[in-house]
Amino acid sequence: MKLYYAPASSYSQRVLIALYEQEIDFTPIEVNLFDPEARSQYLQINPFGKIPTLTTDEGEVLHEACIIIEYLDRCSKGSQQRLIPEDPKLALEVRMLERIIDIYVNGGREALFTDSQRPPEERGNKSVLKAQRLLETACTVLNEKLVDRTWLAGEEFSLADCAAAPTLAYLRMVYNYKHFLNLMAYIKRLESRASVTKVFLSGREQMTQMLSTLSYPLELLALEKL
């Protein structure tokens, strides 16, 4: 199988974490969507022009990180590592947590990031404040879930953790969540995990370079700098 990805893309990073967790062989193909020729070629594979995309050995083309991870999870049925639990109730919780992270945490991060690139006098409109409130509500929910859990859905690493790792790392560019103590302890565990460390190392240089070229440059903060 082939994974079309960009090292700094948080959605690509979710899938890469899953691949490394499940020790699945794949061919990585880096895509530069800012290059017109590369973008044109990639649109033949994914007409939406979004990354990542997985092409399977059977010729299937899969879009969307959560769908790709679910496919990978089915491929690894003989493995002890399941990113979506077999128990239906727990599987629903994992999917719900992934949605909370994607819609409210990542959505809030995107709103705050966009706001940070506006002139200071134009920042903080009603839509941004609403997105931040939802972000803070989501962080509160996750913080409460982590009172007595190692990972978001319990003692097993899951799809929800694949989504949380890059999302929470990039959130630090625009939002300080150090007051969520359980969440902070969880992120420390998360970013010490081998699969996450490997993915972050591969994407750090590209993201740092991108952030330095912004109108209002941002910093990719290490956890201990919060």
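Before any of the text, the structure's been laid out above.
Residues numbered from 1 in each chain as written. Predicted model: local features only at pLDDT ≥ 70, side-chain atom pairs only at ≥ 80, totals over all residues. Heavy atoms only, no water.

Caption draft 1: The arrangement of the packing of helix α1 (residues 10–22) against helix α8 (residues 194–212) in detail. Taken N-terminus to C-terminus, the directions of α1 and α8 make an angle of 140°; their axes are 9 Å apart at the nearest point. With respect to their mutual orientation, α1 and α8 come out oblique. At the point where α1 passes α8, the crossing takes the right-handed sense. Listed contacts from α8 to Q13, L16, I17, Y20 and E21 of α1 are S195, V196, K198, V199, F200 and G203. (Axes fitted to C-alpha atoms, helices over the stretch in contact; angles between N-to-C directions. Helix = DSSP H or I, 4+ residues; strand = E, 2+ residues; numbered from the N terminus. Parallel < 35°, antiparallel > 145°, perpendicular 65-115°, else oblique. Left-handed = near helix turned anticlockwise from the far one by under 90°. Contact = heavy atoms within 4.5 Å.)

Caption draft 2: Main features of the pairing of strand β2 (residues 27–30). Note that strand β1 (residues 2–5) and β2 share four bridges and pair parallel. Across the sheet, the residue bridging to K2 is T27, located in β2. Chirality of the crossover, the property in question, places the unit of β1, α1 and β2 among those that are right-handed. (Pairing = 2+ DSSP bridges. Right-handed = clockwise from strand over helix to strand, strands pointing away.)

Caption draft 3: Geometry of a nonpolar patch on the surface. Residues I103, Y104 and L134 make up a contiguous nonpolar surface patch of roughly 250 Å² in combined accessible area. Along the chain, I103 turns up in helix α4 (residues 88–116). The partly exposed category is assigned to I103, whose relative accessible area is 45%. (Patch = residues over 30% accessible without salt bridge, like charges linked within 9 Å, V, L, I, M, F, W, Y side chains within 5 Å. Areas by Shrake-Rupley, 256 points an atom, 1.4 Å probe, with all protein chains shown as cover. Salt bridge = Lys/Arg side-chain N within 4 Å of Asp/Glu carboxyl O. Buried < 20%, exposed > 50% of the residue type's maximum accessible area, 1.4 Å probe, protein only.)

Caption draft 4: Seen up close, helix α5 (residues 126–145). Here α5 spans 29 Å end to end across 20 residues, near enough to the 28 Å set by a 1.5 Å rise per residue. Looking only at α5, the buried set comprises V128, A131, L135, A138, C139, L142 and N143. Looking straight down α5, one finds that the buried residues subtend no more than 140° of arc, so they occupy a single side. In α5, the exposed positions angled more than 90 degrees off the buried face are occupied by K126, K130 and E144. Next to the buried residues of α5 lie α4, α6 (159–171) and α7 (181–192). (Expected span 1.5 Å × (residues − 1). Arc of directions from axis to C-beta.)

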